[in-house]
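Chains, contacts and geometry: an overview
Single-letter residue listing:
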Amino acid sequence: MTKLATGDRWMSWEGGVDLVAATHAGLPMPNVIVHVARLVHTPIGSAASGMVFFQPDPAGAPLVMGFVSTQPQIGRFFGPKIFAGTPFEQAPALDARIEIEVASTYVGATVTVAGHVLRTRLEDLAAPELTQRPPAAMTPFWQQGLESAASRARLWVDGREISILVPPVGISGGPAAVFAPAGIYAR
């Protein structure tokens, strides 16, 4: 059994829709992250929450970046408690509206944040698989959950479809386009 450092460094979720992608071939890091859930539970409360990053010009500043939540205190929780020690630790918390759509043939997320609307759609979902991953550099927490990898992903920003390239592995160590119906991160 793994012992965790403290009792307040965990989160769980329901209805996770996660996309990590690049808008150009050859980028050293993805410039698209839409990683949100219908309901995220933390020791301080529960709300629709997640993380977004969209940097259309890889040499410029991100258009939008930060932890997103419908409850500001929950958005502020993620950096110091879950992502401490990573580049995400100091990411801002942004108020957002988050909508998750789960249909028989696809899932999608719409995040309205900082004057922008990011919408994803993940299609051709594989059967759910139970996952368990140990801590890693960008994800310094234990991960457990259910995941259904998508073989097709789409992204719209402010109503315009953006061409994306989805790598085989995302920052979590699993699929880069995935429906995660339930899961937990714990440090």
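The preceding data block contains the structure.
If you're wondering where the values come from, they're calculated on a predicted model, not measured in any experiment.

A word on the overall build of the protein chain
- Secondary structure summary: the protein chain contains 1 helix and 11 strands in total.
- Secondary structure elements of the protein chain, listed N to C terminal, follow the sequence β-β-β-β-α-β-β-β-β-β-β-β.
- Taken over the C-alpha trace, the protein chain has a radius of gyration of 15 Å; the compact-globule value for 187 residues is 16 Å, and the two agree within 12%.
- Within the protein chain, the proportion of its 187 residues that are buried is 47%.

Considering the side chain of Thr86
- Mapping Thr86 onto the fold places it in the loop between helix H1 (72-81) and strand S5 (93-102).
- A polar contact of 2.8 Å, which involves the side chain of Thr86, links it to the backbone oxygen of Phe83.
- Not counting chain neighbours up to four residues away, the residues in contact with Thr86 comprise Ala137, Met138 and Pro140.

Quick look at empty space enclosed by the protein
- If you walk through the whole model with that rule in mind, you get 3 cavities of 30 Å³ or more.
- When its volume is computed, the largest cavity comes out at roughly 230 Å³.
- What lines the largest cavity is a set of 25 residues, among which Asp18, His35, Gln143, Ser172 and Tyr185 lie closest to the centre.
- When residues of the lining of the largest cavity are traced back to their parent elements, those giving at least two are strand S1 (10-21), strand S8 (129-133), strand S9 (142-157) and strand S11 (177-186).
- Considering every element that reaches the lining of the largest cavity, the biggest residue donor is S9, with 5 residues.
- Residues that form the lining of the largest cavity fall into these classes: 13 nonpolar, 9 polar and 3 charged.

Quick notes on the pattern of salt bridges
- Taken as a whole and assessed by the stated rule, the structure comprises 6 salt bridges.
- Ionic pairing is found between Glu123 and Arg121, a salt bridge with its closest N-O pair at 2.7 Å.
- For Arg121, a relative accessible area of 24% translates into the label partly exposed.
- In this structure, the salt-bridge partner of Arg154 is Glu161, at a minimum N-O distance of 2.9 Å.

Structural notes on the environment of Val32
- Tracing the chain through its elements places Val32 in strand S2 (residues 32-42).
- Residue Val32 is classed as buried on the basis of its relative accessible area of 1%.
- It is 20 Å that separates the C-alpha atoms of Val32 and Ala48, two residues lying 16 residues apart in sequence.

Here we look at the layout of surface pockets
- The computed volume of the largest pocket comes to approximately 180 Å³.
- If you trace the largest pocket, you find 13 residues lining it, with Met29, Pro30, Asn31, Phe53 and Gln55 closest to the centre.

Quick word on the nonpolar core
- Counting 28 residues, the largest nonpolar core has Val111 and Leu155 as its most contacted members.
- Excluding anything up to four places from it in sequence, Leu155 contacts Leu19, Val32, Val34, Phe54, Arg119, Thr120, Arg160, Glu161, Ile162 and Ile164.
- Listed in part, the 21 residues of the second largest apolar core include Val20, Ala37, Phe77 and Ile82.

A short note on H1
- Those residues of H1 that fall on the buried side of the exposure criterion are Ile74, Gly75, Phe77, Phe78 and Gly79.
- In this structure, the buried residues of H1 make contact with S1, S2, strand S3 (45-54), strand S4 (64-69) and S5.

Comments concerning the packing of aromatic side chains
- Inspection of the entire model under this criterion finds 7 aromatic pairs.
- When the centroid spacing of 5.7 Å and the interplanar angle of 40° are considered together, the rings of Phe67 and Phe78 count as tilted. On the criterion of sequence distance, the pair formed by Phe67 in strand S4 and Phe78 in helix H1 is long-range, its members being 11 residues apart. For the pair formed by Phe67 and Phe78, the shared burial category is buried.
- A ring pair is formed by Phe67 and Phe83, whose centres lie 5.5 Å apart and whose planes are at 35°; its orientation type is tilted.

The rules behind the values
- Residues numbered from 1 in each chain as written.
- Predicted model: local features only at pLDDT ≥ 70, side-chain atom pairs only at ≥ 80, totals over all residues.
- Heavy atoms only, no water.
- Helix = DSSP H or I, 4+ residues; strand = E, 2+ residues; numbered from the N terminus.
- Rg over C-alpha atoms; globule rule 2.2 N^0.38 Å.
- Buried < 20%, exposed > 50% of the residue type's maximum accessible area, 1.4 Å probe, protein only.
- Polar contact = N/O pair within 3.5 Å; in protein donor to acceptor, adjacent residues only side chain to side chain.
- Contact = heavy atoms within 4.5 Å.
- 1 Å grid on protein atoms, 1.4 Å probe; cavity = no way out; pocket = protein on both sides within 12 Å on 5 of 7 lines; lining within 4 Å.
- Points joined across faces, edges and corners; volume = space filled by probe spheres on them.
- Nonpolar A, V, L, I, M, F, W, Y, C, P; charged D, E, K, R; others polar.
- Salt bridge = Lys/Arg side-chain N within 4 Å of Asp/Glu carboxyl O.
- Core = buried A, V, L, I, M, F, W, Y, C linked by side-chain atoms within 4.5 Å.
- Phe/Tyr/Trp six-rings, centres within 6.5 Å; stacked < 30°, edge-to-face > 60°.

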